[in-house]
Amino acid sequence: MPAELDKVFAWSSLLGACQIHQNLELGKVSANNLLHLEPNVAIHYVPISNIYSSAGLWNNATEVRKNMKQMGVKKEPGCSSIELRDEVHKFMAGDVAHSQTEQLYAFLETLSDKMRKEGYVPDTSWVLHDVDEDEKGNLLCGHSERLAIAFGTLKIAPGTTI
């Protein structure tokens, strides 16, 4: 493996660990080195932005996103998919484009209500937006994985593996 790729792998791994362990100072060092090596790779910007957001440093996180935009670096939004009856259904976070959007969100809201009544408390610590706790819970509900699983749950016969 070329030495440059070794460095990218090492700095990227360290930056990911800094995000998990919320180590802001080492995260900044890791990000600076990583972005020096590969400044046009969008996925390298996300962990440092998330570290800033987790620390409540919203201006710093915004600055990272602004720098990406100025450099023409774009992060592709993630999506989730599920195949039913030889048709692939794709979902993105907050997706409202699917033909059964209303049914999906109604199902997820009903499910969330039932779960909360049973004592479930959503872990909103990974929702890295400067919004109140209720809105963070709503953002979790519209995550692409949840939409895909909800769709499968609604469309597949009970007892069938998704």
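A short tour of the structure in this document, coming up.

Calculation rules
- Residues numbered from 1 in each chain as written.
- Predicted model: local features only at pLDDT ≥ 70, side-chain atom pairs only at ≥ 80, totals over all residues.
- Heavy atoms only, no water.
- Helix = DSSP H or I, 4+ residues; strand = E, 2+ residues; numbered from the N terminus.
- Expected span 1.5 Å × (residues − 1).
- Buried < 20%, exposed > 50% of the residue type's maximum accessible area, 1.4 Å probe, protein only.
- Arc of directions from axis to C-beta.
- Core = buried A, V, L, I, M, F, W, Y, C linked by side-chain atoms within 4.5 Å.
- Contact = heavy atoms within 4.5 Å.
- Salt bridge = Lys/Arg side-chain N within 4 Å of Asp/Glu carboxyl O.
- Pairing = 2+ DSSP bridges.
- Axes fitted to C-alpha atoms, helices over the stretch in contact; angles between N-to-C directions.
- Parallel < 35°, antiparallel > 145°, perpendicular 65-115°, else oblique.
- Left-handed = near helix turned anticlockwise from the far one by under 90°.
- Nonpolar A, V, L, I, M, F, W, Y, C, P; charged D, E, K, R; others polar.
- Phe/Tyr/Trp six-rings, centres within 6.5 Å; stacked < 30°, edge-to-face > 60°.

Before going further, it helps to spend a moment on helix α5 (residues 101-117). Note: α-helices contain 3.6 residues per turn, so residues at a spacing of three or four share the same orientation. Along its 17 residues, α5 runs 24 Å from first to last C-alpha, staying within 8% of the 24 Å computed at 1.5 Å per residue. When we look at burial in α5, the residues that qualify are Thr101, Leu104, Leu108 and Ser112. Across the axial projection of α5, the buried residues extend over an arc of 65 degrees, all falling on one side. Within α5, the exposed residues directed more than 90 degrees away from the buried face are Glu102, Lys114 and Lys117.

Right, let's get into the nonpolar core. Leu15, Tyr45 and Ile48 are the most contacted members of the largest nonpolar core, which has 15 residues in total. Looking at this core, the elements that each hand over two or more residues are α1 (3-21), α2 (24-37), α3 (45-54) and α4 (58-71). When residues in this core are grouped by element, the largest group, 4 residues, is from α3. Contact partners of tyrosine 45, with chain neighbours within four places excluded, come to Leu35, Pro39, Val64, Met68, Met71 and Val73.

A word on the pattern of salt bridges. When charged atoms on two side chains of opposite charge get close, those side chains can pair. Taken as a whole, this structure holds 2 salt bridges when the rule is applied. Where lysine 28 meets glutamate 25, a salt bridge forms, and the shortest distance between an N and an O atom there is 3.5 Å. One end of the pair, lysine 28, and the other, glutamate 25, are both in helix α2, 3 residues apart, so they sit about a helical turn from each other. Residue lysine 28 is classed as partly exposed on the basis of its relative accessible area, which comes to 29%. Its salt-bridge partner being glutamate 63, residue lysine 66 comes within 3.8 Å of it at the nearest N-O pair.

For the rest of this paragraph, the subject is the environment of serine 54. Assignment of secondary structure puts serine 54 in helix α3. Measuring from C-alpha to C-alpha, the distance between serine 54 and glutamine 19 comes to 8.6 Å, with 35 residues separating the pair along the chain.

The subject of this paragraph is the pairing of strand β1 (residues 79-84). Across the two faces of β1 the burial differs, with Ser80, Ile82 and Leu84 buried and Cys79, Ser81 and Glu83 not buried at all. In this sheet, strand β2 (residues 87-92) lies alongside β1 in antiparallel orientation, the contact comprising 6 bridges. In the sheet register, leucine 84 faces β2, and the bridge partner there is glutamate 87. Count of turn residues in the β1/β2 antiparallel hairpin: 2 residues, of which arginine 85 carries a positive phi of about 50 degrees.

The subject of this paragraph is the packing of α2 against α3. In contact at an axis separation of 10 Å, α2 and α3 are set at 155 degrees when each is read in the N-to-C sense. Taken as axis vectors, α2 and α3 run roughly antiparallel relative to one another. Judged by the twist between their axes, the crossing of α2 over α3 is left-handed. Packed against α2, whose contacting residues are Leu24, Gly27, Lys28, Ala31 and Leu35, the element α3 presents Tyr45, Ile48, Ile51 and Tyr52 at the interface. When grouped by side-chain class, the residues that make up the contact of α2 with α3 number 7 nonpolar, 1 polar and 1 charged.

What follows is about unusual backbone geometry. The phi torsion at glutamine 22 lies on the positive side, around 55 degrees, for a residue other than glycine. Note on placement: glutamine 22 falls in the loop between α1 and α2. Phi is positive for arginine 85, which is not a glycine, with a value near 50 degrees. Relative to the assigned elements, arginine 85 resides in the loop between β1 and β2.

A ring pair, where both rings are aromatic, is described by two values, the distance of the centres and the angle of the planes. Applying the stated criterion across every chain, the model contains 1 aromatic pair. A centroid spacing of 5.7 Å and a plane angle of 50 degrees characterise the contact between phenylalanine 91 and phenylalanine 151, whose relative ring orientation is tilted. Of this pair, phenylalanine 91 sits in strand β2 while phenylalanine 151 sits in helix α7 (residues 144-155); the two residues are 60 residues apart in sequence, bridging distant segments of the chain. By relative accessible area, phenylalanine 151 is classed as buried at 3%.

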